[in-house]
Amino acid sequence: MKIAQIAPLAESVPPKLYGGTERIVSYLTEELVRQGHEVTLFASGDSLTSAELVPCTEKALRFDPAVNDPIPYHLIMLEKVRQRADEFDILHFHIDLLHFPLVRPFAHRTVTTLHGRLDLPDLQPFYRAFPEIPVVSISDDQRRPLPMANWAATVQHGLPLDILPFNPHGQGGYLAFLGRVSPEKRPDRAIEIAVRSGMPLKIAAKVDKVDEDYWRDVIKPMIDRHPNVDYVGEVDETTKAAFLGDASALLFPIDWPEPFGLVMIEAMACGTPIIAFRCGSVPEVLEEGVSGYIVGSVEEAVGAVGRVGAISRAGVRRAFEERFSASRMARDYLDVYDSLMHHRMHMIPFPTEAAGAGVQTVA
C-alpha cells in the first residue's frame, strides 16, 4: 500500500524533546515501513525516518527563532501534498483541520487522526461543515463532544516494544511527573501529593510560552519551597527510560479531558505504575490495580502512593505489551485504510452517533 503520513511541523519526527503527536507519527511510520508498505512522510527537514521524507521546512518550527506564525509553513506543506496526492492509496493527516477544504474532492482516500482536545465550542460548526471527512479518535472519551463527526475508528496509541526497556525494580525512590507545565496538567497537584506523602518528586517538563506566567507565579515558587521537589527540565529519548524506569510511580494528576496521555504507556513500558486522576481517557488506558490506580482527589492519590508496592512491575509491563504495541497500532490503522479503500465513504460515511447508530471502533 502507498501511504502518505502528514505530520505537524512544530517538532521533528521523532521529536528531539517533548512532542507526543510527532512521536506517534514516527512510530506508526516506521512500523508501516517494517511491515512492507511504501510510506512517504511529509514533515520537517530534520526528521529521521526509513520512509521517503518530503522536507517541508528546514527544521522543526519550535527551534527556528525566525518563525512567528506556523500556518504559512503548514500551507506550504499542504501544497506539496496536493501536488503528489494522486500517488497514494491513503493520505493520513495528523495536523488537525487545516487540510479539510483541500482534501474534500478525494476525502475517501484520507483519514485524519485527531490528537488534541475536542471540547471547544468552535469545533462543532466546523465538523458539521465537513461531514464527509473521515476522522479517527485516540480514545472513545475524546469523541464525546463531537458526535456529528465522521468517526471511522478509535485507535489507541502504541510504542515499539524495545523503545523503553523494562525496569523490574524502580529503585530511584521518587515519584515522577513528565509532560508540560500547564494548568490542565496540574503539576501543583503532583507537588502536593509528593509533599503530603513524604516522597521525593522529579518534574521533567516543558514550559511553553503561553504557560510562562503559570510557571513563574505558581509552580516555581512551590518547587522553591519544598526541598524534596526537583525540576529537571525536558528529557530526551536517551534519558527518558531512566527517568521513568527508576521512579516508584508516575503521577498523572490531570484536570482536563486528556485525549490519550502518551506518558502513561511510556511509564507502563518501563514497568512503572501510574497514579492518575479520573479524567478523559484515563479509565480506558489504565487497569485499576494492574497498571496503576485511578483516583479522584489528592487525598486518594496520597493513599495510592502508599500502595504502589503492591503492583507487580512485571504485570505493568505485560499490560503494555498486550495492549499498546506499535505493531497493534499499525494493524488497527491498516484496518481503517482497508475500510476506506473498499467503501465509497464520500457517499456512504461511517454511521455516527448523531444518526442514531453506533460508532465503529477498531479494537
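One structure accompanies this document, and this report is about it. These figures come from a predicted structure and were not determined experimentally.

### With respect to the overall build of the protein
Here is step 1 of the chain: Looking only at helices and strands, the protein features twelve helices and 13 strands.
Here is step 2 of the chain: On C-alpha atoms alone, the protein measures out to a radius of gyration of 20 Å, which is about the 21 Å that the 2.2 N^0.38 rule sets for 363 residues.
Here is step 3 of the chain: The dimensions of the protein, computed from C-alpha atoms along their principal axes, are 60 × 45 × 40 Å.
Here is step 4 of the chain: The proportion of buried residues among the 363 residues of the protein is 56%.
Here is step 5 of the chain: The long-range fraction of contacts in the protein, counting pairs at least 24 apart against all pairs at least 6 apart in sequence, stands at 67%.
Here is step 6 of the chain: Separation of charge centres in the protein, based on 36 positive and 49 negative side chains, amounts to 1 Å.

### Description of the layout of surface pockets
Here is step 1 of the chain: If you add up the space inside the second largest pocket, you get close to 240 Å³.
Here is step 2 of the chain: Lining the second largest pocket are 17 residues, with Tyr 27, Glu 30, Pro 160, Ile 163 and Ala 326 sitting closest to its centre.
Here is step 3 of the chain: Elements that contribute at least two residues to the lining of the second largest pocket include exactly helix 1 (20–34) and helix 12 (326–342).
Here is step 4 of the chain: Element by element, the count of residues in the lining of the second largest pocket is highest for helix 1, at six residues.
Here is step 5 of the chain: Here the residues of the lining of the second largest pocket sort into eight nonpolar, three polar and six charged.

### Some points on the sheet that holds strand 5 (residues 110–113)
Here is step 1 of the chain: If you walk across this open sheet you meet the seven strands as 3-2-1-4-5-6-7, and the pairing is parallel. The open sheet is flanked by strand 3 (52–55) and strand 7 (150–154), the only strands paired with a single partner. Pairs of neighbouring strands in the sheet enclose a mean axial angle of 25°, with direction left out of account.
Here is step 2 of the chain: With four bridges joining them, strand 2 (residues 38–43) and strand 3 adopt parallel strand pairing. Looking at the pairing, Thr 40 lines up with Glu 52 of strand 3.

### Remarks on helix 6 (residues 212–225)
Here is step 1 of the chain: Taking 1.5 Å of rise per residue, the 14 residues of helix 6 would be expected to cover 20 Å, and the 19 Å separating its terminal C-alpha atoms lies within 8% of that figure.
Here is step 2 of the chain: Along its length, helix 6 reaches its greatest deviation from straightness, about 35°, at Ile 219, and the proline Pro 221 lies no more than four positions downstream.
Here is step 3 of the chain: Within helix 6 the residues assigned to the buried category are Tyr 214, Trp 215, Ile 219, Met 222 and Ile 223.
Here is step 4 of the chain: Those residues of helix 6 hidden inside the fold are in contact with helix 5 (187–197), strand 9 (201–206) and strand 10 (229–231).

### A few points about the pattern of salt bridges
Here is step 1 of the chain: Under the criterion given, the structure shown has 27 salt bridges.
Here is step 2 of the chain: With its nearest N and O atoms 2.8 Å apart, the salt bridge here joins Arg 84 to Glu 52. With Arg 84 in helix 2 (residues 71–84) and Glu 52 in strand 3, this pair connects stretches of sequence that are 32 residues apart.
Here is step 3 of the chain: Among the ionic pairs, Arg 144 bridges to Asp 141, the shortest N-O distance being 2.9 Å.
Here is step 4 of the chain: For Asp 141, a relative accessible area of 15% gives the class buried.
Here is step 5 of the chain: One salt-bridge network, in which partners are shared between bridges, spans Glu 11, Arg 62, Lys 206, Asp 208 and Glu 234.

### Some details on the packing of helix 8 (residues 262–270) against helix 11 (residues 313–323)
Here is step 1 of the chain: Here helix 8 crosses helix 11 at 125°, and the two axes come no closer than 7 Å. Between helix 8 and helix 11, the interaxial angle falls into the category oblique. Note that helix 8 runs across helix 11; the crossing there is left-handed. Residues Ile 265, Met 268, Ala 269 and Cys 270 of helix 8 form the contact with helix 11, whose participating residues are Arg 313, Val 316, Arg 317, Ala 319 and Phe 320.
Here is step 2 of the chain: Residues of the contact of helix 8 with helix 11, tallied by class, amount to seven nonpolar, no polar and two charged.

Scoring rules and cut-offs
- Residues numbered from 1 in each chain as written.
- Predicted model: local features only at pLDDT ≥ 70, side-chain atom pairs only at ≥ 80, totals over all residues.
- Heavy atoms only, no water.
- Helix = DSSP H or I, 4+ residues; strand = E, 2+ residues; numbered from the N terminus.
- Rg over C-alpha atoms; globule rule 2.2 N^0.38 Å.
- Buried < 20%, exposed > 50% of the residue type's maximum accessible area, 1.4 Å probe, protein only.
- Contact = heavy atoms within 4.5 Å.
- Lys, Arg positive; Asp, Glu negative; His and termini not counted.
- Charge placed at Lys NZ, Arg CZ, Asp CG, Glu CD.
- 1 Å grid on protein atoms, 1.4 Å probe; cavity = no way out; pocket = protein on both sides within 12 Å on 5 of 7 lines; lining within 4 Å.
- Points joined across faces, edges and corners; volume = space filled by probe spheres on them.
- Nonpolar A, V, L, I, M, F, W, Y, C, P; charged D, E, K, R; others polar.
- Pairing = 2+ DSSP bridges.
- Axes fitted to C-alpha atoms, helices over the stretch in contact; angles between N-to-C directions.
- Expected span 1.5 Å × (residues − 1).
- Bend = angle between axes of the 7 residues up to and from the residue.
- Salt bridge = Lys/Arg side-chain N within 4 Å of Asp/Glu carboxyl O.
- Parallel < 35°, antiparallel > 145°, perpendicular 65-115°, else oblique.
- Left-handed = near helix turned anticlockwise from the far one by under 90°.

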